[in-house]
Amino acid sequence: MYDKEILKREYCWNLFTWVKLSKELRKSRAHAILFPIGSVEQHGPHLPLGLDYIIADEVSSRVCRRLQANGILALKLPPLPYGMSAMWGAYPGTITLSTETLYAIVKDVMRSLWKSGVRLVVIVNGHAGNADVLKVVARDATEEFDSLTIAVITIWEVVGDVIKELFQTPFFHADEVETSVAMALDLLLDKPPEKAPQPTAFRAYSEEWHSLDLTKRPKVYVYSRESTKTVGFGAFGSPSLATKSKGLKLLEEMVSRITTFVSDLICKPGT
Ligand SMILES: [Zn+2]
């Protein structure tokens with residue numbers, strides 16, 4: 001049943017009338033439109049397929065509420081649930097877009113926002129696999145649509161240092177870190193597995209070349225076909241070390257840092 005409570009979410013673009021929305025955008029030259037993007041892909045035997053977009057959506061909602069509390073017009077678009085998930089394509093339940101499709105959808109959304117009068121878009125990306133395409137489309141769209149600024153944020157990268165400090169294992173997939181954030185949002189569906197393969201177990205090269213430590217930039221990128229392979233149940237590292245309190249701390253840090261970043265971006269002249 002449709003929940004009328006939803007109308008209280010005054011930060012949701014899709015709950016405005018077109019009349020009110022265009023008035024608000026004209027009135028507030030200082031605005032930010034947040035666009036959450038994630039994935040629908042396997043997340044081990046204990047987490048939901050849609051975890052990445054649910055987290056990106058929730059982080060975006062919280063950031064919008066804080067920005068609005070500071071007098072900034074911040075609105076969240078409905079999330080794009082699908083992303084580039086070919087790497088988990090061998091697991092039933094995974095749904096992936098091709099590079100061309102993701103590029104085209106995001107470009108079309110940017111064009112529509114720009115035509116509506118939007119001048120600052122913040123893409124809040126919950127799935128690392130989307131990051132490369134999002135950066136390319138942001139570069140192309142800002143060249144094409146005059147006076148549009150697009151920020152691309154992959155939420156895990158914003159808190160690389162916190163992950164290093166707070167968790168025993170580095171960030172990968174359906175691991176200690178992601179399971180903790182899922183617990184913080186009450187999204188744990190089953191007991192986290194005790195044993196899972198290490199993310200680096202299948203690498204022929206050392207950590208120095210492409211570290212899982214998000215505070216270090218990779219020196220190389222190595223690709224080989226992943227879409228036909230499965231690695232156990234699809235969880236990695238030590239998901240059983242996850243706790244709700246670590247997830248809550250990480251989530252809070254993500255939200256507060258992104259809020260600060262967007263405020264800075266809006267207040268800086270020229271954007
Ligand atoms: Zn994920």
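About the cut-offs
- Residues numbered from 1 in each chain as written.
- Predicted model: local features only at pLDDT ≥ 70, side-chain atom pairs only at ≥ 80, totals over all residues.
- Heavy atoms only, no water.
- Helix = DSSP H or I, 4+ residues; strand = E, 2+ residues; numbered from the N terminus.
- Expected span 1.5 Å × (residues − 1).
- Buried < 20%, exposed > 50% of the residue type's maximum accessible area, 1.4 Å probe, protein only.
- Phe/Tyr/Trp six-rings, centres within 6.5 Å; stacked < 30°, edge-to-face > 60°.
- 1 Å grid on protein atoms, 1.4 Å probe; cavity = no way out; pocket = protein on both sides within 12 Å on 5 of 7 lines; lining within 4 Å.
- Points joined across faces, edges and corners; volume = space filled by probe spheres on them.
- Nonpolar A, V, L, I, M, F, W, Y, C, P; charged D, E, K, R; others polar.
- Contact = heavy atoms within 4.5 Å.
- Pairing = 2+ DSSP bridges.
- Axes fitted to C-alpha atoms, helices over the stretch in contact; angles between N-to-C directions.
- Right-handed = clockwise from strand over helix to strand, strands pointing away.
- Polar contact = N/O pair within 3.5 Å; in protein donor to acceptor, adjacent residues only side chain to side chain.

(A) Representation of helix α8 (residues 244-267). The end-to-end C-alpha distance of α8, which contains 24 residues, comes to 35 Å, matching closely the 34 Å that a straight helix rising 1.5 Å per residue would cover. Within the span of α8, buried status applies to Lys 246, Gly 247, Leu 250, Leu 251, Met 254, Val 255, Ile 258, Thr 259, Val 262, Ser 263, Leu 265 and Ile 266.

(B) Seen up close, the packing of aromatic side chains. Following the criterion strictly, the structure yields five aromatic pairs and no others. When the centroid spacing of 5.7 Å and the interplanar angle of 40 degrees are considered together, the rings of Trp 88 and Phe 236 count as tilted. On the criterion of sequence distance, the pair formed by Trp 88 in the loop between β2 (73-76) and α3 (99-115) and Phe 236 in the loop between α7 (176-184) and α8 is long-range, its members being 148 residues apart. Under the relative-accessibility criterion, Trp 88 is labelled buried at 10%. Cluster of aromatic residues (ring-pair linked, three or more members): Trp 88, Tyr 91, Phe 172 and Phe 236.

(C) Summary view of the layout of surface pockets. By volume, the largest pocket amounts to about 2,000 Å³. Looking at the lining of the largest pocket, the elements that each hand over two or more residues are α4 (131-144) and α5 (155-158). By residue number, the principal contributor to the lining of the largest pocket is α4, which donates four residues. Within the lining of the largest pocket, the residues separate by chemical class into 23 nonpolar, twelve polar and 13 charged.

(D) Local environment of the environment of Gly 44. As for its position among the elements, Gly 44 is in the loop between β1 (31-37) and α2 (51-69). On the basis of relative accessibility, which here comes to 17%, the residue Gly 44 falls in the buried class. Taking the C-alpha atoms as reference, Gly 44 lies 8.6 Å from Pro 192; in sequence the two are 148 residues apart. Setting aside chain neighbours within four positions, we find Gly 44 in contact with Ala 174, Phe 233, Gly 234 and Ala 235.

(E) Structural view of the sheet that holds β2. Taken in spatial order, the four strands of this open sheet run β2-β1-β3-β4, and their pairing is parallel. A single partner strand is all that each edge strand has here, and the edge strands are β2 and β4 (149-154). Within the sheet, the average angular offset between the axes of one strand and its neighbour, ignoring direction, is 20 degrees. When β1 meets β2, the two strands line up parallel, connected through four bridges.

(F) Highlighting the pairing of β4. Sheet analysis places strand β3 (residues 120-125) next to β4, joined by six bridges and oriented parallel. Across the sheet, Leu 120 pairs through a bridge with Thr 149, a residue of β4. Crossover β3 to β4 through α4 is right-handed.

(G) Quick look at the side chain of Ser 60. Along the chain, the position of Ser 60 falls in helix α2. A polar atom in the side chain of Ser 60 sits 2.7 Å from the backbone oxygen of Ala 56.

Interpretation in functional terms is not warranted from these geometric data alone.
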